[in-house]
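Chain and residue survey
Each chain is listed here by its residues.
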Amino acid sequence: MPAPIDGPADWEADAICREVDPELWFPDKGEHSKTAAALCAHCPVDGECLDAALARDERYGVWGGLTTRQRDRLVAERRRTA
Ligand code: SF4
């Protein structure tokens, strides 16, 4: 997991992806992200991770188990229901 500019957050110490090849979370265009998403599903800090990615409008990779497109859909859904 790439460290944010202001340093890692406390929750990042518990991130599953710290122990696995980070390339899994940044698949090339056309490659699937299912392996990363499956690992995220077991991560104890998936909520914190997703919130952080949404807060910084992360444009690349799988965060909190969601791809960029899935995060964009979530943001749009939240806007519709707010
Ligand atoms: S939810 Fe996924 S990307 Fe986020 S910290 Fe956990 S394993 Fe890493």
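Here goes a summary of the coordinates provided. Computed from a prediction, not measured in an experiment: that's the story for all the values here. (Residues numbered from 1 in each chain as written. Predicted model: local features only at pLDDT ≥ 70, side-chain atom pairs only at ≥ 80, totals over all residues.)

1. Quick notes on the overall build of the protein
Within the protein, the regular secondary structure consists of three helices and zero strands. Along the protein, from the amino end to the carboxyl end, the secondary structure elements read α-α-α. Relative to the compact-globule value of 12 Å for 82 residues, the protein shows a C-alpha radius of gyration of 12 Å, a close match. Expressed as lengths along the three principal axes of its C-alpha atoms, the size of the protein is roughly 35 × 30 × 25 Å. Each of the 82 residues in the protein was classed as buried or not, and the buried ones make up 20%. (Helix = DSSP H or I, 4+ residues; strand = E, 2+ residues; numbered from the N terminus. Rg over C-alpha atoms; globule rule 2.2 N^0.38 Å. Buried ≥ 20, exposed ≤ 12 C-beta atoms within 10 Å, placed from the backbone.)

2. Some remarks on the site of the ligand
If you check the shell around the ligand, you find 15 residues, and the closest are A15, C17, C40, C43 and C49. Elements with a minimum of two residues in the shell around the ligand: helix 1 (34-40) and helix 2 (46-55). Of the residues that constitute the shell around the ligand, the class distribution is twelve nonpolar, two polar and one charged. (Near = placed C-beta within 6 Å. Nonpolar A, V, L, I, M, F, W, Y, C, P; charged D, E, K, R; others polar.)

3. So, the environment of L66
Inspection of the secondary structure assignment puts L66 in the loop between helix 2 and helix 3 (68-81). Taking C-alpha positions, L66 is 15 Å from P44, a pair spaced 22 residues apart along the chain. Look past the residues within four positions of L66 in its chain and what remains in contact with it is L50, R71 and L74. (Contact = placed C-beta atoms within 7 Å.)

4. Observations concerning the environment of V62
By secondary structure assignment, the location of V62 is in the loop between helix 2 and helix 3. Separated by 37 residues in sequence, V62 and W25 place their C-alpha atoms 5.1 Å apart. Discounting residues that sit within four places of it in the chain, V62 has contacts with W25, S33, A36, A37, C40 and T67.

5. Concerning the nonpolar core
One finds A15, C17, W25, A36, C40, V45, C49, L50, V62, W63 and L66 forming the largest nonpolar core, which totals eleven residues. The set of elements that each furnish at least two residues to this core consists of helix 1 and helix 2. (Core = buried A, V, L, I, M, F, W, Y, C linked by C-beta atoms within 7 Å.)

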